[in-house]
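Residue-level structure breakdown
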Amino acid sequence: MIKFRAYDLILKKRNGSALSRAELKYLLDGYVQGVIPDYQMSALAMAIYFKGMSEEEALFLTEAMIDSGETISLEAIPGTRVDKHSTGGVGDTTTLVLAPLVAAAGIPVIKLSGRGLGHTGGTLDKLESIPGFKTDLSESELVTAAKNIGVAVAGQTKNLVPADKMFYALRDVTATVDSIPLIAASIMSKKLAAGAESLVLDVKCGSGAFLKDYKQACNLARLMVDIGKGAGRETVALITSMEQPLGKAVGNALEVEEAILTLRGEGPSDLEELCLMLGGLMVFLSGHVSDPDSGKAILKKLISDGAALKKLNELIVNQHGNGGVTEDVSLLPKAKNRVNVKSPENGFITMLKAEDIGLAAMALGAGRETKDALIDPAAGITMEKKIGDRVESGDTLAVIHAGSDTSAELISSLEGKIISAYRFQKENCGKPQLILGRIDQKDR
Ligand code: URA
Ligand code: CA
């Protein structure tokens, strides 16, 4: 192997030149092996933050990260598997809806998901709120599930992209998380290592996302689509609004219930719209139809004829959960204590800060403040009113779902926090647009 010096490569990046494939591989391998120390990688991250990376360089970085660990190949599964990834939001129930919905269209969906941290939730925690549900499937169980029922949602089995685990933790404490090439390489390395053949990305934008600005979200989406293409995987991105939580429910069992309602055709309209848009693209990328609208039409039919809900039931039963929940949501854990949060004002809702709702749900036990914190599957918040709705003083804005051991002080302080997440005005500003844009491969 060519011998470089970390110092020279940091200097090169600091001065604005692009690093080569071999240079990035040297840095990442050296970091994972403990040869290159945190302080040099921190300086590198900061140089990348300020100088950016070319599209090619970001692809090299992604590949070097993938090479740091194991990868999953699910070639034994027939058909084109299409994966979906969201950059993270509040009350983002889409995976719970999309996995069975797209699988019901005959497209194999093997989704490797994560747990929640901070104000955003994790799909594994949500599914584990279903009594008995098991998320630790082996690779052979994943393949068997895909062959038998066409769908599985589980935790990661192998040691994928260890370089990202280390580098992300370092970025987190060195103010270098919000660098577009670093985010793109971090996300894409994990998706590509997990074996996605084609990929639909949901890039969130707005107050509840970590990219607040539309232009930045487009830049991130463009770079991720280009990396996907460079790695030989068909990739499309939607830019979607995270100005307010998605759907009504934020919390684990609450979101499972919301997903079941959505698969029955009775879910909140924003969640349904986003699932149909993302799902339509997934069906399109699988090659089953010639355009995303036709994909969407197929999915609508699978909701109305009950096939999508049946697929969720099969998924739950196959992973040892109580399948009865799809017919009877009262089998899901329910919070002992429900408190209505009342509107202090008359007017139209013009703001509902997603991050504040996510943090309040976390404080109730729906999420984790630290990696090892325990969660309460029943806890969370449901929003009865959202942006564009008219309210009178005393109307219920939201409902707090709390465990019996949640103190009255905490509940009362969260009531205040939830109220202050809302803004009221005399004039109606309408509902925010949900789908803000779409980024395709340049050759499309
Ligand atoms: N999510 C990731 O997985 N990586 C980032 O760098 C940012 C968000
Ligand atoms: Ca939701």
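The structure displayed is predicted, hence computed values, not measured ones.

Cut-offs and rules
- Residues numbered from 1 in each chain as written.
- Chains lettered and ligands numbered in written order.
- Predicted model: local features only at pLDDT ≥ 70, side-chain atom pairs only at ≥ 80, totals over all residues.
- Heavy atoms only, no water.
- Core = buried A, V, L, I, M, F, W, Y, C linked by side-chain atoms within 4.5 Å.
- Buried < 20%, exposed > 50% of the residue type's maximum accessible area, 1.4 Å probe, protein only.
- Helix = DSSP H or I, 4+ residues; strand = E, 2+ residues; numbered from the N terminus.
- Domains from an automatic or database assignment.
- Axes fitted to C-alpha atoms, helices over the stretch in contact; angles between N-to-C directions.
- Parallel < 35°, antiparallel > 145°, perpendicular 65-115°, else oblique.
- Left-handed = near helix turned anticlockwise from the far one by under 90°.
- Contact = heavy atoms within 4.5 Å.
- Buried area = accessible area lost by both parts, 1.4 Å probe.
- Pairing = 2+ DSSP bridges.
- Expected span 1.5 Å × (residues − 1).
- Arc of directions from axis to C-beta.
- Near = heavy atom within 4 Å.
- Polar contact = N/O pair within 3.5 Å; in protein donor to acceptor, adjacent residues only side chain to side chain.
- Areas by Shrake-Rupley, 256 points an atom, 1.4 Å probe, with all protein chains shown as cover.
- 1 Å grid on protein atoms, 1.4 Å probe; cavity = no way out; pocket = protein on both sides within 12 Å on 5 of 7 lines; lining within 4 Å.
- Sits in = over half its atoms within 2 Å of the grid points.
- Nonpolar A, V, L, I, M, F, W, Y, C, P; charged D, E, K, R; others polar.
- Points joined across faces, edges and corners; volume = space filled by probe spheres on them.
- Patch = residues over 30% accessible without salt bridge, like charges linked within 9 Å, V, L, I, M, F, W, Y side chains within 5 Å.
- Salt bridge = Lys/Arg side-chain N within 4 Å of Asp/Glu carboxyl O.

**Re the nonpolar core**
Ile400, Ile418 and Tyr422 are the most contacted members of the largest nonpolar core, which has 79 residues in total. Of the residues forming this core, the biggest block, 10 residues, is contributed by helix H12 (residues 269-285). When residues of this core are sorted by domain, at least three fall in each of domain 2 (82-328) and domain 3 (334-425). In terms of nonpolar packing, the next biggest core, distinct from the first, is built from 66 residues, Tyr31, Leu59, Ile77 and Leu211 among them.

**Quick look at the packing of helix H9 (residues 180-193) against helix H10 (residues 214-230)**
One can describe the packing of H9 onto H10 by two numbers: an axis separation of 9 Å at closest approach and a directional angle of 40 degrees. By the angle class used here, H9 and H10 are oblique. Once H9 is placed against H10, the crossing between them reads as right-handed. Within the contact between the two elements, H9 uses Ile180, Pro181, Ile183, Ala184, Ala185, Ile187, Met188 and Leu192 and H10 uses Gln216, Asn219, Leu220, Leu223, Met224, Ile227 and Gly228.

**Some points on the domain arrangement of the protein chain**
Partitioning the protein chain into structural domains gives domain 1 (6-67), domain 2 (82-328) and domain 3 (334-425). Computed over C-alpha atoms only, the centres of domain 1 and domain 2 are separated by 29 Å. Listed by partner, the interface residues are 19 residues for domain 1 and 25 residues for domain 2. Overall, the association of domain 1 and domain 2 removes approximately 1900 Å² of surface from exposure, summing both partners, and the carbon and sulfur fraction of that is 81%.

**Topic: the environment of Gln216**
For Gln216, the location among the structural elements is in helix H10. A C-alpha to C-alpha distance of 10.0 Å links Gln216 and Ser179, two positions 37 residues apart in sequence. When sequence neighbours within four positions are dropped, the list of residues in contact with Gln216 reads Ile180 and Leu211.

**What to know about the sheet that holds strand E4 (residues 198-205)**
Taken together, the four strands give an open sheet; going across it, the order is E1-E4-E5-E13, and neighbouring strands pair in mixed fashion. Of all the strands in the sheet, just strand E1 (82-86) and strand E13 (435-439) have a single pairing partner and so form its edges. Taking each pair of neighbouring strands and ignoring which way they run, the sheet shows an average axis angle of 20 degrees. Taken together, the eight bridges between E4 and strand E5 (residues 234-241) define a ladder with parallel strand orientation.

**Here's the deal with helix H13 (residues 292-304)**
Its 13 residues give H13 an end-to-end C-alpha distance of 19 Å, which sits within 8% of 18 Å, the value for a rise of 1.5 Å per residue. Taken as a whole, H13 has its buried residues at Pro292, Gly295, Leu299, Leu302 and Ile303. For H13, the buried positions fall inside an angular range of 100 degrees around the axis, keeping them on one side. Away from its buried face by more than 90 degrees, H13 exposes Asp293, Lys301 and Ser304. Elements that come into contact with the buried residues of H13 comprise helix H5 (94-104), helix H11 (252-263), H12, helix H14 (307-318) and E13.

**Some points on the sheet that holds strand E10 (residues 390-391)**
With antiparallel pairing, three strands are arranged side by side in an open sheet as E10-E8-E12. Strands with a single pairing partner mark the edges of an open sheet, and in this sheet they are E10 and strand E12 (422-425). Bridge count between strand E8 (residues 347-352) and E12: four bridges; the pairing is antiparallel. Among the inter-strand pairings, Met351 is bridged to a residue of E12, identified as Arg423. Here helix H16 (residues 408-421) sits on the sheet in contact with E8 and E12, set at roughly 50 degrees to E12.

**A few points about the site of ligand 1**
Taken together, the neighbourhood of ligand 1 is formed by Tyr168, Arg171, Ile183, Ser186, Ile187, Lys190 and Phe210. Arg171 is positioned with one of its side-chain polar atoms (N or O) 2.8 Å from an oxygen atom of ligand 1. At 2.5 Å, a side-chain N or O of Lys190 approaches an oxygen atom of ligand 1. For ligand 1, whose unbound accessible area comes to 240 Å², protein coverage reaches 90%. Among the cavities detected, the one that contains ligand 1 is the largest pocket. Counting residues per element, the ones that place at least two in the shell around ligand 1 are helix H8 (162-172) and H9. Per-element accounting of the shell around ligand 1 gives the leading share, four residues, to H9. Residue classes in the shell around ligand 1 are distributed as four nonpolar, one polar and two charged.

**Considering the layout of surface pockets**
The computed volume of the largest pocket comes to approximately 2000 Å³. If you go around the largest pocket, you meet 50 residues; those closest to its centre are Gly114, Arg115, Leu117, Tyr168 and Lys190. Of all elements in the fold, only E1, H5, strand E2 (109-112), helix H6 (123-128), H8, H9 and helix H15 (354-364) reach the threshold of two or more residues within the lining of the largest pocket. Per element, the largest residue contribution to the lining of the largest pocket is six residues, and it comes from H8. Classifying every residue of the lining of the largest pocket gives 14 nonpolar, 20 polar and 16 charged.

**Observations concerning a nonpolar patch on the surface**
Together, Met46, Tyr49 and Phe50 give the surface a local cluster of nonpolar side chains, amounting to about 310 Å² of exposed area. Topologically, Met46 is positioned in helix H3 (residues 38-51). For Met46, a relative accessible area of 32% corresponds to the partly exposed category.

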